[in-house]
Amino acid sequence: MLLEIKNLHASIDGNEILKGIDLKVDAGEVHAIMGPNGSGKSTLASVLAGREEYEVTQGEIWYNGKNLLELSPEDRAREGLFLAFQYPVEIPGVSNTNLLKTAVNEIRKYRGEEELDAMEFLELLKEKSKLVELDQKFLSRSVNEGFSGGEKKRNEIFQMAVLNPKLAILDETDSGLDIDALRIVANGVNKLRGKDKAIIVVTHYQRLLNYIVPDFVHVLYNGRIVKSGGKELALELEEKGYDWIKNGKSEVTV
Amino acid sequence: MSTTETQKIEELANKEYKYGFVTEVEEDRLPKGLNEDIVRQISAKKEEPEWMTEWRLKAFRHWLTMEEPKWPNVKYPPIDYQDISYYSAPKKKPKYNSLDEVDPAIRETYNKLGIPLEEQMMLAGVAVDAVFDSVSVATTFKDKLKELGIIFCSMSEAIKEHPDLVKKYLGSVVPYTDNFYATLNSAVFSDGSFVYVPKGVRCPMELSTYFRINASETGQFERTLIVADEGAYVSYLEGCTAPMRDENQLHAAVVELVALDNATIKYSTVQNWYPGDKEGKGGIYNFVTKRGACRGVNSKISWTQVETGSAITWKYPSCILQGDNSIGEFYSVAVTNNYQQADTGTKMIHIGKNTKSTIVSKGISAGRSNNSYRGLVKITKKAENARNFSQCDSLLIGDKCGAHTFPYLEINNSTAQVEHEATTSKIGEDQIFYLNQRGISTEDAVNLIVNGYVKEVLAELPMEFAVEAQKLLSISLEGSVG
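Residues numbered from 1 in each chain as written. Chains lettered and ligands numbered in written order. Predicted model: local features only at pLDDT ≥ 70, side-chain atom pairs only at ≥ 80, totals over all residues. Heavy atoms only, no water.

## Side note on the overall build of chain A
Move 1: Counting its secondary structure elements, chain A contains 11 helices and 12 strands.
Move 2: Here the C-alpha radius of gyration of chain A, 18 Å, is about what a compact globule of 254 residues would show, namely 18 Å.
Move 3: Summarising its shape, the C-alpha atoms of chain A cover approximately 60 × 40 × 35 Å along the three principal directions.
Move 4: Considering chain A as a whole, with its 254 residues, one finds that 55% of them fall into the buried category.
Move 5: For chain A, the separation between the mean place of its 33 positive charges and that of its 41 negative charges on side chains is 3 Å. (Helix = DSSP H or I, 4+ residues; strand = E, 2+ residues; numbered from the N terminus. Rg over C-alpha atoms; globule rule 2.2 N^0.38 Å. Buried < 20%, exposed > 50% of the residue type's maximum accessible area, 1.4 Å probe, protein only. Lys, Arg positive; Asp, Glu negative; His and termini not counted. Charge placed at Lys NZ, Arg CZ, Asp CG, Glu CD.)

This is how it looks when you write it as structure tokens:
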């Protein structure tokens, strides 16, 4: 089991957002987590990545045989956990290349591998930038500075491609994307699927799942997973809307 | 900021100053206090000619009529100028033929700083005029410079060996009446460096001096004069670190640069005086007057500074652009952490036609520090087609520090083109978390952001200095971030 979440409770500023999440993700799988606004989707993504504002009050998270909650955010990343941010931040003065070079080499150091030399690294960047059709000029630009919403999201997937994570969490990667950008991003993600890797797609809408077809769909509502199913669950949700879940809440949670 | 992050930051910020140690060297010092007799004694100890003694005395008498400036945006307890010893020098003053003859304690000090003279001599091709406290103890590469007619020696030596040049230029850019600290310096300056590059000569190596305040409670009053004659070029590096002390130490240096027709002077500083402990106790008061005169046509003076140290920094390396088409540049990184205060910037005075100036100032404030940029761009009436570009950026780390910008513009000629840009940004926890999520530790994340922020300025430093500057930046900011 790559990821196992058991009875996870998490709160921010004393407000409980996650109220007992159970989830198992195996290598090779793609899971979609859907839910209305405020259901706790992004909180779950943030807790997995180790954002310190969120306090885990109960439960466990096991990742690749390790107790995830004991790892610092950077060690989680070095263990192969990647979060594609919903709102990627701008870092003026730090080029994409520089960030990725530092990141790749830190991760390699952690794993006891040799650092990549400049040539190998540039080769890697070139190859991966094609995957998301990212113009080379973005490599030398400051991280996300002055990028459009779509460019930022594409840049996240580009970083994901370079860092080659075991577990990728895409937090609302589709928000703010037009249909072309959505297709490019999804293609990029699909090329990164693999037997030994898993992806968790957090999304509000079904449309991304037309392109990144999930093995499992979970519906998050009010801090709990209230329904799980196959990819058809996403379509059902799209058709019936979240009210269907909200209204039938007591029934499905029992 | 979350509590754990704050704690982490505090832990890192609590690391002690790495270069705090004291070298035991026998020294010769004057009793505390300042009067005409002390000024005469300083001059006598240095075996100076009468004209120099007189110049010092004129400065001292003028100083008595002056008041300490109160306008800088810094706070400190009053300084008792009678409670300072104005002269201290290593007792033995031998002339060395080789480094082996240098006092081992002094050499050890340099080794601790990671700047062994041997390596500098061999690797960098840097001629080093090492000022230990107030007296030069090692001067190297002199012969090679001599062949080219370049004079690079201590100020004391220049006063004795090259009196005509010193008389002509000393005080010609910063007169002894200039300001409280410069006037004090003129009266009591201990030593410093003198450089003269003759007509048409391009100095083939970076000239460098490592300064170090060592004697407890001894103010250090360096005096540096650099003259580039017509068509000459020289790049001068000044770097310093100081040992840990409880008492505040006053450092009031004066640096004068003179560039004649078609001459270029590049002056680079990495300043790392002891900033005081984390409660703000101790630390150097760095009240410096640095000014360059672009006297000739097409002359150029470029100041680059990386300021990470001192409890208080008060300095404005300036350019007087007299010659037509002359160029003045100022590139600065000023870092303040804990309780450090800095009020620094530049003055660009445009007098000649088609004069150009560039100001790039990058302030970084962390801890409870205060960092002010103060700059003046003055375009005089006759300065046709003058141009200035100023960029003043501030980076805040944490939420208890301050950044202030005081740009002054005086434009008296309508053909002037003056541009000013200013930004203030903050290293946010979002940025740190983003980088953490990519496998980068908080400390490395800060370094990455800070280095990105200052790279424009570091690019102006000579290579070997840029590396040292980068190291200093990361030491100064260790764990200050969130």
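So much for the structure itself; the text now carries on.
## Quick word on the overall build of chain B
Move 1: Tallying secondary structure elements over chain B gives 12 helices and 23 strands in all.
Move 2: Expressed as a percentage of the 482 residues in chain B, the buried residues total 61%.
Move 3: In chain B, 84% of the contacts between residues at least 6 apart in sequence involve partners at least 24 apart.
Move 4: Looking at chain B as shown, the accessible area adds up to about 18,100 Å², and 48% of this sits on carbon and sulfur atoms. (Contact = heavy atoms within 4.5 Å. Areas by Shrake-Rupley, 256 points an atom, 1.4 Å probe, with all protein chains shown as cover.)

## Considerations on helix H3 (residues 96–110) of chain A
All names here are of chain A.
Move 1: Between its first and last C-alpha atoms H3 spans 21 Å; for 15 residues at 1.5 Å apiece the expected length is 21 Å, and the two agree.
Move 2: Where H3 is concerned, the buried positions are Asn-96, Thr-97, Leu-99, Leu-100, Thr-102, Ala-103, Val-104, Asn-105, Glu-106 and Ile-107.
Move 3: Positive phi shows up at Gly-112, right after H3, with a value of about 75 degrees. (Expected span 1.5 Å × (residues − 1).)

## Topic: the interface of chain A and chain B
Move 1: Between chain A and chain B, the contact holds 31 residues from the first and 22 residues from the second.
Move 2: Of the roughly 2,200 Å² buried where chain A meets chain B, counting both sides, 59% is carbon and sulfur surface.
Move 3: For the interface between chain A and chain B, the tally reads two salt bridges.
Move 4: Residue B:Asp430 is joined to A:Arg51 by a salt bridge in which the shortest nitrogen-to-oxygen separation is 2.6 Å.
Move 5: Connecting chain A to chain B are 12 residue pairs in polar contact (both at pLDDT 80 or more).
Move 6: Here the side of chain A that touches chain B takes six residues from H3(A), the largest share from any one element.
Move 7: Considering only residue class, the side of chain A that touches chain B consists of 17 nonpolar, six polar and eight charged. (Buried area = accessible area lost by both parts, 1.4 Å probe. Salt bridge = Lys/Arg side-chain N within 4 Å of Asp/Glu carboxyl O. Polar contact = N/O pair within 3.5 Å; in protein donor to acceptor, adjacent residues only side chain to side chain. Nonpolar A, V, L, I, M, F, W, Y, C, P; charged D, E, K, R; others polar.)

## Side note on the nonpolar core
Across soluble globular proteins, nonpolar side chains show a tendency to be buried alongside one another.
Residues and elements named next belong to chain B.
Move 1: Formed by 114 residues in total, the largest nonpolar core has its most connected members in Ile-364 and Val-450.
Move 2: Per-element accounting of this core gives the leading share, nine residues, to helix H11 (residues 442–458).
Move 3: With residues up to four places along the chain from it excluded, the contact list for Ile-364 reads Val-333, Ala-334, Val-335, Thr-336, Asn-371, Leu-395, Ile-397, Val-450, Tyr-453, Val-454 and Leu-477.
Move 4: Within the second largest apolar cluster, 49 residues are counted, among which are Val-39, Tyr-87, Phe-180 and Tyr-316. (Core = buried A, V, L, I, M, F, W, Y, C linked by side-chain atoms within 4.5 Å.)

## Some points on the packing of aromatic side chains
Residue and element names in this part refer to chain B.
Move 1: For the structure shown, the criterion picks out 22 aromatic pairs over all chains.
Move 2: Between Trp-63 and Phe-180, the aromatic rings sit 5.4 Å apart at their centres with planes inclined by 40 degrees, giving tilted as the arrangement. Here Trp-63, found in helix H3 (residues 50–64), pairs with Phe-180, found in helix H9 (residues 180–188); they are 117 residues apart in sequence, far enough to count as distant.
Move 3: The exposure class assigned to Trp-63 is buried, which follows from its relative accessible area of 7%.
Move 4: For Phe-180, a relative accessible area of 6% puts it in the buried group. (Phe/Tyr/Trp six-rings, centres within 6.5 Å; stacked < 30°, edge-to-face > 60°.)

## Remarks on the confidence of the model for chain B
All names here are of chain B.
Move 1: Summing up the model confidence of chain B, the mean pLDDT is 81 and the portion of residues at 70 or higher is 78%.
Move 2: Within chain B, strand E11 (residues 254–259) carries the highest mean pLDDT (97), whereas helix H5 (residues 117–124) carries the lowest (41).
Move 3: Low pLDDT (under 50) marks residues 131–139, which in the prediction has 50 contacts with non-local residues, meaning those over four places away or in another chain.
Move 4: This stretch, residues 211–218, has a pLDDT under 50; its non-local contacts, to residues over four places away or in other chains, come to 56 contacts.
Move 5: Reported confidence for the predicted complex is 0.94 by ipTM and 0.78 by pTM. (pLDDT = per-residue confidence, 0-100.)

## Examining helix H7 (residues 179–191) of chain A
Residues and elements named next belong to chain A.
Move 1: Over its 13 residues, H7 runs 18 Å from end to end, which matches the ideal 18 Å to within 8%, given 1.5 Å per residue.
Move 2: Buried within H7 we find Ala-181, Leu-182, Ile-184, Val-185, Ala-186, Gly-188 and Val-189.
Move 3: Packing partners of the buried residues in H7 comprise helix H4 (118–131), helix H6 (149–163), strand E9 (167–171), strand E10 (198–203) and helix H8 (208–211).
Move 4: Here H7 starts with a cap whose side-chain oxygen sits 3.2 Å from the backbone nitrogen of Asp-180, and that cap is Asp-178.

## Remarks on the packing of H11(B) against helix H12 (residues 463–477) of chain B
All names here are of chain B.
Move 1: At a minimum axis distance of 11 Å, the contact between H11 and H12 shows a crossing angle of 140 degrees. Between H11 and H12, the interaxial angle falls into the category oblique. Considering how the two elements wind past one another, H11 and H12 form a crossing that is right-handed. On H12, the residues touching Asn-447, Val-450, Asn-451, Val-454 and Leu-458 of H11 are Ala-466, Ala-469, Gln-470, Leu-473, Ser-474 and Leu-477.
Move 2: Looking at the contact of H11 with H12 residue by residue, the class counts come to seven nonpolar, four polar and no charged. (Axes fitted to C-alpha atoms, helices over the stretch in contact; angles between N-to-C directions. Parallel < 35°, antiparallel > 145°, perpendicular 65-115°, else oblique. Left-handed = near helix turned anticlockwise from the far one by under 90°.)

## Re the side chain of B:Arg291
Residue and element names in this part refer to chain B.
Move 1: Assignment of secondary structure puts Arg-291 in strand E13 (residues 284–294).
Move 2: Relative accessible area serves as the criterion here: at 12%, Arg-291 is assigned to the buried category.
Move 3: Those residues in contact with Arg-291 that sit more than four places away from it in its chain are Val-173, Val-174, Pro-175, Asp-178, Val-255, Glu-256, Leu-257, Trp-303, Ser-318 and Ile-320.

## Focus on the environment of B:Gly200
All names here are of chain B.
Move 1: Secondary-structure assignment places Gly-200 in the loop between strand E6 (193–197) and strand E7 (207–212).
Move 2: According to the relative accessible area criterion, Gly-200 is exposed, its value standing at 59%.
Move 3: Along the chain, Gly-200 and Ser-361 lie 161 residues apart, while their C-alpha atoms are 32 Å from each other.
Move 4: Not counting chain neighbours up to four residues away, the residues in contact with Gly-200 comprise Glu-230, Gly-231 and Ala-232.

## As for unusual backbone geometry
All names here are of chain B.
Move 1: The backbone of Glu-47 shows a phi angle near 50 degrees, a positive value even though the residue is not glycine.
Move 2: Locating Glu-47 in the fold gives a position in the loop between helix H2 (36–45) and H3.
Move 3: Even without being glycine, Asn-338 reaches a positive phi, approximately 50 degrees.
Move 4: Inspection of the secondary structure puts Asn-338 in the loop between strand E17 (327–336) and strand E18 (341–350).

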